[in-house]
Each structure stands twice: as structure tokens, then as C-alpha cells.
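Each chain is listed here by its residues.
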Amino acid sequence: MNAVTWDQRERIIALLAGASADPAVRCVVVTATGRGFCAGADLRGAPAAGDAGERVAGDVARMIRQGAQRFVTAVMDCEKPVIAAVNGTAAGIGAHLAFACDLVIAAETARFVEVFARRGLVPDGAGAYLLPRLIGPQRAKELMFFGDALPAAEARAMGLVNRVVPAEDLEKTAREWAERLAQGPTRALALTKQLVNASLDSDRATALAAEATAQELNMTTRDAQEGVAAFVERREARYEGR
């Protein structure tokens, strides 16, 4: 069910950082093989703590900051659009991984489970940050307090999922969306992502100042100049991601 090991987590973080830095990468798709998308964290994959001695206050907080929180924020901070193609159950950190993506496509068989309370745990991996901003505090509390499985169709109705498709169409739909994004003005999309994400924590003056600065930066790109020229010349724009 694709529980995330320590090694896998570090690999995915590195891949997302590499995608941000590589001009040839213009969109990222996060998906999985098998029956599940991600069953949560697999603590058996963590480095051995044999030499660490007895756990002391601060150890768990440090582990969360360096682990689950880095994992989820790597998606939010990636400078390319990130699509989640959720093929099955997304539980715990797996659900938060999907919710952190810019767009979420789910198979009809997918489910999202805030499993933490069922294990006597507090949601981590930015869950209590993401969910209230996506669906409001009352619905977020309902999902987190009860830990019931949320079918894909209900997740879409709540606003957690952009589109639900038959399982056999998931890969095709994700590829179509990724190709459209990869042909777009990549730097403009990156700045748009930053503006939208930051707006959730900004007042109006700060958000509008950031918007003006983003447009100033964007107008120096080749793609912005191409987009304006294509409009004036009444032709299709040819974006190169620069």
C-alpha cells in the first residue's frame, strides 16, 4: 500500500528539488503503483536510533519537522506545477501529500483517510494547516476527529479533489493535464503558485504587493514577451518555460 519509508521520503524530496532547478522539467506528477496511493508513513524505514539513547523532550518535534513536514512542504515549494494522480487509498501523510499538490485527480476507487486520531495521534505533515484552508475548519475537524474514509466523489464535492475519473482513465487524464501544463509559461505558473499559496496567510496589502512584484519579475521572461507578441500577432503562443 506504498507506506513511505525514510529512504523513499528523502528520494521524493530530492526529486522535487531537482524538478525546481531543471528547466527541462515543466510539470510533476505524483502517483503510485499497486492498490494504494500511500498508506502513510512506514516508521520501520527510519534510520536506527541505537546510538541516540533515551528519547528526550524535543526529539519527536524535531523528527516531525525534518520528516513529515519537509516531505509535504517540498510539494508546496516545488517551482513546477505538481499533480497528484491518486490511484487508491491515501491515508495519513499520504492524504496530506495529495492535498499539498496543486491539482488532484482521483480514481473513482480512491479514498482519503485522516487516520491519526484512530491511532491516538495528532495530525502531522501539515494536515491541520492544509485542510482548514481547503475545506474550512468544521469539515476539517470532522475528518480529523472521526478518521472515516472519504470516498473520492465526496472529496471532490468538498473541494479536496479537482476531478474524479474511472480507474482505467487515471493515467491518461493525468498525462493530458501534465502535457498541457508543460506547454505553458512555466515561470508564470510558478509565480502564480507562489501567489496563491501565500495569499492564504496574507492580508490584502501584502498580497497585492506580492502580485505586483510577481508581474514585474514575470515580464522579464521570454515566455511573457512571447505571450504578448502572440496575442498582438493573432497566433498561438509557443512557450519554452523561460
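Residues numbered from 1 in each chain as written. Predicted model: local features only at pLDDT ≥ 70, side-chain atom pairs only at ≥ 80, totals over all residues. Heavy atoms only, no water.

### Details of the pattern of salt bridges
If charged atoms from side chains of opposite charge come close, those side chains can pair.
Next up, step 1: Applying the stated criterion across every chain, the model contains 11 salt bridges.
Next up, step 2: Close ionic contact of Arg70 with Glu10 constitutes a salt bridge, the shortest N to O distance being 2.9 Å. Placement of Arg70 in helix α2 (residues 59–77) and of Glu10 in helix α1 (residues 6–21) is noted, with a sequence separation of 60 residues between them.
Next up, step 3: We classify Arg70 as partly exposed; its relative accessible area is 33%.
Next up, step 4: Put simply, Lys193 and Asp102 hold a salt bridge, and the shortest N to O gap is 3.0 Å. Placement of the pair is Lys193 in helix α8 (residues 186–199) and Asp102 in the loop between α3 (93–100) and β5 (103–107), with a sequence separation of 91 residues.
Next up, step 5: For Asp102, a relative accessible area of 29% puts it in the partly exposed group. (Salt bridge = Lys/Arg side-chain N within 4 Å of Asp/Glu carboxyl O. Helix = DSSP H or I, 4+ residues; strand = E, 2+ residues; numbered from the N terminus. Buried < 20%, exposed > 50% of the residue type's maximum accessible area, 1.4 Å probe, protein only.)

### Notes on helix α5 (residues 137–146)
Next up, step 1: Every buried residue belonging to α5 is among Ala140, Leu143 and Met144, and all of these are buried. When α5 is viewed along its axis, its buried side chains cluster within an angular range of 90 degrees and face the same direction. Turned more than 90 degrees off the buried face of α5, the exposed positions are Gln138, Phe145 and Phe146.
Next up, step 2: Its buried side turned inward, α5 meets α4 (127–135), β7 (149–151) and α6 (152–158).
Next up, step 3: Following α5 by one or two positions, Gly147 adopts a phi angle in the positive range, close to 70 degrees. (Arc of directions from axis to C-beta. Contact = heavy atoms within 4.5 Å.)

### Things to note about helix α9 (residues 204–218)
Next up, step 1: Helix length check: α9 (15 residues) gives 21 Å between terminal C-alpha atoms against 21 Å at 1.5 Å per residue, within 8%.
Next up, step 2: If you check the start of α9, you find a side-chain oxygen 3.2 Å away from the backbone N of Ala205, and it comes from Asp203. (Expected span 1.5 Å × (residues − 1). Polar contact = N/O pair within 3.5 Å; in protein donor to acceptor, adjacent residues only side chain to side chain.)

### A few points about the layout of surface pockets
Next up, step 1: Taken as a whole, the second largest pocket holds about 680 Å³ of empty space.
Next up, step 2: Around the second largest pocket, the lining comprises 30 residues; the ones closest to its centre are Ala100, Cys101, Asp102, Val196 and Asn197.
Next up, step 3: Contributions of two or more residues to the lining of the second largest pocket are made by α2, α3, β5, α4 and α8.
Next up, step 4: The element contributing the most residues to the lining of the second largest pocket is α8, with seven residues.
Next up, step 5: Counted by class, the lining of the second largest pocket contains 18 nonpolar, six polar and six charged residues. (1 Å grid on protein atoms, 1.4 Å probe; cavity = no way out; pocket = protein on both sides within 12 Å on 5 of 7 lines; lining within 4 Å. Points joined across faces, edges and corners; volume = space filled by probe spheres on them. Nonpolar A, V, L, I, M, F, W, Y, C, P; charged D, E, K, R; others polar.)

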